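Per-entry structural report
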Amino acid sequence: QTVKLEILGPAGNVIDTQQLGAQGSGRQTFSWNAGAMAADGAEVKYRITAANGTKAVTPTLYTHDKVDAVYSENGSLKLNLEHLGPVDYTAVSSVN
């Protein structure tokens, strides 16, 4: 499998690309130095594309975030995350 990471700026434009090369199946990690963008508080997102030979592979994306609050809304447990905002607890894969 070959994997490509694209970092998207606030307008959705690609501001950096990293070829991550061949990756095994399962959960993988990457890091990217946001540098001045982090200091400015600019919002960035990422996009992963993967292929197994010539066939596209649909990745499952995860992210790390800080839990600011836990609350109940309409009988459902919610987490308020620092960057993503309100998220239903059932959407959370792991808590560290």
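If you're wondering where the values come from, they're calculated on a predicted model, not measured in any experiment.

Calculation rules
Residues numbered from 1 in each chain as written. Predicted model: local features only at pLDDT ≥ 70, side-chain atom pairs only at ≥ 80, totals over all residues. Heavy atoms only, no water. Helix = DSSP H or I, 4+ residues; strand = E, 2+ residues; numbered from the N terminus. Rg over C-alpha atoms; globule rule 2.2 N^0.38 Å. Buried < 20%, exposed > 50% of the residue type's maximum accessible area, 1.4 Å probe, protein only. Contact = heavy atoms within 4.5 Å. Areas by Shrake-Rupley, 256 points an atom, 1.4 Å probe, with all protein chains shown as cover.

The next subject is the overall build of the protein chain. Across its full length, the protein chain carries 1 helix and 7 strands. Helices and strands appear in the protein chain in the N-to-C order β-β-α-β-β-β-β-β. In terms of overall dimensions, the protein chain is more spread out than a globule: its C-alpha atoms have a radius of gyration of 16 Å, far above the 12 Å expected for 96 residues. For the protein chain, the spread of C-alpha atoms along the principal axes amounts to about 45 × 35 × 25 Å. Counting all 96 residues of the protein chain, 15% fall into the buried class. In the protein chain, 31% of the contacts between residues at least 6 apart in sequence involve partners at least 24 apart. For the protein chain, the accessible area works out to roughly 7200 Å², and carbon and sulfur atoms hold 49% of it.

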